[in-house]
Amino acid sequence: MALLRSALHSITAAAGVAFHERHGWDLVMVYSTAEEEYQAVTTAAGVHDTSYMGRLKAIGDDGLDLLNRLSTNKVLDLEPGQGAPTILTTDRGRILDLIGVVNVDDYILLITSPGAQQQVIDWLDKYTIMEDLVVEDITEETTMLSVLGPASQVAVESAAGILLNELPPYHSLTAEMAGHRVRIVNRPFGELPSFDLLMDPDAAAGVWDHLSASGVLPVGEEAFEAVRLSYAVPAYGHELGESYNPLEAGLIGSIDFTKGCYIGQEVIARLDTYQKIQKHLVSLEFSADATVFEGDTLNDDGREVGKVTSVTRIPAGQGLIGLAYVRKASASPGNVLELTDSSSGQAEIMALPQMFGPEQS
């Protein structure tokens, strides 16, 4: 099966950069150096081509009502321009996908994990009976760039000639950038500020060049993955999926416990009420002598307590970091676990990340 390509592929290929298959797409690994790109995103701003993220267009009067009845967060009352993160869960309370829901007035925009579009469409279709709702996959018909970093808001404001001070997370607005109409979505990347720019593919080159010319450094997959783990952002296929529930994944801030029923609600509410969570997502820092791979086992005092789900090396020789699911009794910051299997070394638990903060009040 041919790899998918973003609207920027021909431009970046002409620059001689290396590509790599990921998420079924042909993606740039490094534009300049991974060190420069990582530094840009963590200290200033960088732009990453996130066209591989899924984008769905939900059309019909019952879109928000159905999503509200199927997912963990309250989205029913979202006005045009407003948005929220929410989780589609199975009847066992397991994660189908973490999605961004944005009311763009004439339709509902759904931002899904890479490659998760069809399963989200199928899930919504399964529960669409008499509702007025049609869901289309517009991933390949659009381009999405993400400007990330502490200075990302300033960078986007400068590029679009607008102010974003009153744009809350997941809310959106439209603006002109490099002569093209762009939808801006404030979608934080964990605790890192980040703004998605959605546009027609014909606008991609102009917007990309405009941002680059203004000093926003292009960022490839290698640095982006290091940033993801630095900010403990769970990814589908690693920390998100039907093997886990939202409470284990630290997603409690995207669960509204007062809004009423949704698929999987009874299971999640019971786990929360009776504190029955068996494991937690944790961020790890590995010892300097460690060799570690995804799927490796973590032991605590000789007992198996968890599995590594993601691992990467921070550019510029800053060591190995990762994410893992660890049994509740061992999931405490500062606890040092032993790597087993074919790996060696130790892993210190740095934090129990909560991507959207604590439970909603």
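Nothing here was measured: the structure is a model prediction, and the numbers come from that model. (Residues numbered from 1 in each chain as written. Predicted model: local features only at pLDDT ≥ 70, side-chain atom pairs only at ≥ 80, totals over all residues. Heavy atoms only, no water.)

A.B. asks: Before we go on, may I ask you to explain the pattern of salt bridges in this structure?
C.D. replies: Pairing between side chains of opposite charge can happen when their charged atoms approach one another. Scanning all chains against the criterion turns up nine salt bridges. As a salt-bridge pair, Arg-22 and Glu-221 come within 3.2 Å of each other at their nearest N and O atoms. A residue pair is termed long-range when its members are at least 10 positions apart, and Arg-22 in strand β1 (residues 18-22) and Glu-221 in helix α7 (residues 221-230) qualify at 199 residues. The exposure class assigned to Arg-22 is partly exposed, which follows from its relative accessible area of 25%. (Salt bridge = Lys/Arg side-chain N within 4 Å of Asp/Glu carboxyl O. Helix = DSSP H or I, 4+ residues; strand = E, 2+ residues; numbered from the N terminus. Buried < 20%, exposed > 50% of the residue type's maximum accessible area, 1.4 Å probe, protein only.)

A.B. asks: So what exactly am I meant to see when it comes to the sheet that holds strand β7 (residues 108-112) here?
C.D. replies: Within a sheet, adjacent strands bond to each other through the backbone by hydrogen bonds, running parallel or antiparallel. If you trace the five strands from one edge of the open sheet to the other, you get β5-β6-β7-β4-β8, paired in antiparallel fashion. If you trace the sheet from one side to the other, it starts and ends with β5 (83-89) and β8 (134-137), each paired once. Strand-to-strand, the axes of this sheet are offset by a mean angle of 30°, without reference to chain direction. Two strands pair when backbone bridges link them, and β5 and strand β6 (residues 95-103) are joined in this way by seven bridges, in the antiparallel orientation. Along β6, the bridge assignment pairs Ile-87 with Leu-98. (Pairing = 2+ DSSP bridges. Axes fitted to C-alpha atoms, helices over the stretch in contact; angles between N-to-C directions.)

A.B. asks: Even after reading the chapter, I still don't get unusual backbone geometry, so can you show me in this structure?
C.D. replies: Outside of glycine, negative phi angles account for most residues, and trans bonds account for most peptide bonds. Positive phi, close to 65°, is recorded for His-23, a residue that is not glycine. Inspection of the secondary structure assignment puts His-23 in the loop between β1 and β2 (25-30). On the basis of relative accessibility, which here comes to 39%, the residue His-23 falls in the partly exposed class. At Asp-105, a position not held by glycine, the phi torsion is positive, near 85°. Among the secondary structure elements, Asp-105 is positioned in the loop between β6 and β7. Among the residues examined, Asp-105 registers a relative accessible area of 58% and is labelled exposed.

A.B. asks: Help me out: how do you make sense of the layout of surface pockets in this one?
C.D. replies: Over the atoms, a rolled probe matching the size of one water molecule traces out where space is still vacant. Within this model, the largest pocket holds a volume of roughly 550 Å³. Along the walls of the largest pocket sit 31 residues, with Met-53, Pro-114, Phe-189, Pro-234 and Ala-235 positioned nearest its centre. In terms of residue count, the dominant contributor to the lining of the largest pocket is α7 (four residues). For the lining of the largest pocket, the per-class residue count stands at 17 nonpolar, eight polar and six charged. Size it by volume and the second largest pocket reaches roughly 320 Å³. (1 Å grid on protein atoms, 1.4 Å probe; cavity = no way out; pocket = protein on both sides within 12 Å on 5 of 7 lines; lining within 4 Å. Points joined across faces, edges and corners; volume = space filled by probe spheres on them. Nonpolar A, V, L, I, M, F, W, Y, C, P; charged D, E, K, R; others polar.)

A.B. asks: How should a negative patch on the surface be read in this particular structure?
C.D. replies: Together, Glu-136, Asp-137, Glu-140 and Glu-141 give the surface a local cluster of negative charge. When you line up the elements, Glu-140 lands in the loop between β8 and β9 (143-148). (Patch = residues over 30% accessible without salt bridge, like charges linked within 9 Å, V, L, I, M, F, W, Y side chains within 5 Å. Areas by Shrake-Rupley, 256 points an atom, 1.4 Å probe, with all protein chains shown as cover. Lys, Arg positive; Asp, Glu negative; His and termini not counted. Charge placed at Lys NZ, Arg CZ, Asp CG, Glu CD.)

A.B. asks: I tried to follow the environment of Ala-151 on my own but got confused; where do I start?
C.D. replies: Secondary-structure assignment places Ala-151 in the loop between β9 and α5 (152-160). Apart from the residues lying within four places of it in its own chain, the contact partners of Ala-151 are Ala-44 and Ala-45. (Contact = heavy atoms within 4.5 Å.)

A.B. asks: What is the right way to read the packing of aromatic side chains from this model?
C.D. replies: Under the counting rule described, the total for this entry stands at five aromatic pairs. A centroid spacing of 5.6 Å and a plane angle of 45° characterise the contact between Tyr-31 and Trp-208, whose relative ring orientation is tilted. Here Tyr-31 is found in the loop between β2 and α2 (34-43), whereas its partner Trp-208 is found in helix α6 (residues 204-213), with 177 residues between them in sequence. By relative accessible area, which is 23% here, Tyr-31 ends up partly exposed. When the ring of Tyr-170 is compared with that of Phe-356, the centres are 6.5 Å apart and the planes differ by 55°; the resulting orientation is tilted. Note that Tyr-170 is positioned in the loop between α5 and β10 (172-177) and Phe-356 in the segment after β19 (346-351), a separation of 186 residues in sequence. What makes Phe-356 partly exposed here is its relative accessible area of 22%. Over the ring of Tyr-107 we find Lys-57, and its NZ or CZ is 4.9 Å from the ring centre. One Lys or Arg, Lys-279, reaches over the ring of Tyr-325 and ends 5.8 Å from the middle of that ring. (Phe/Tyr/Trp six-rings, centres within 6.5 Å; stacked < 30°, edge-to-face > 60°. Lys NZ or Arg CZ within 6 Å of the ring centre and 35° of its normal.)

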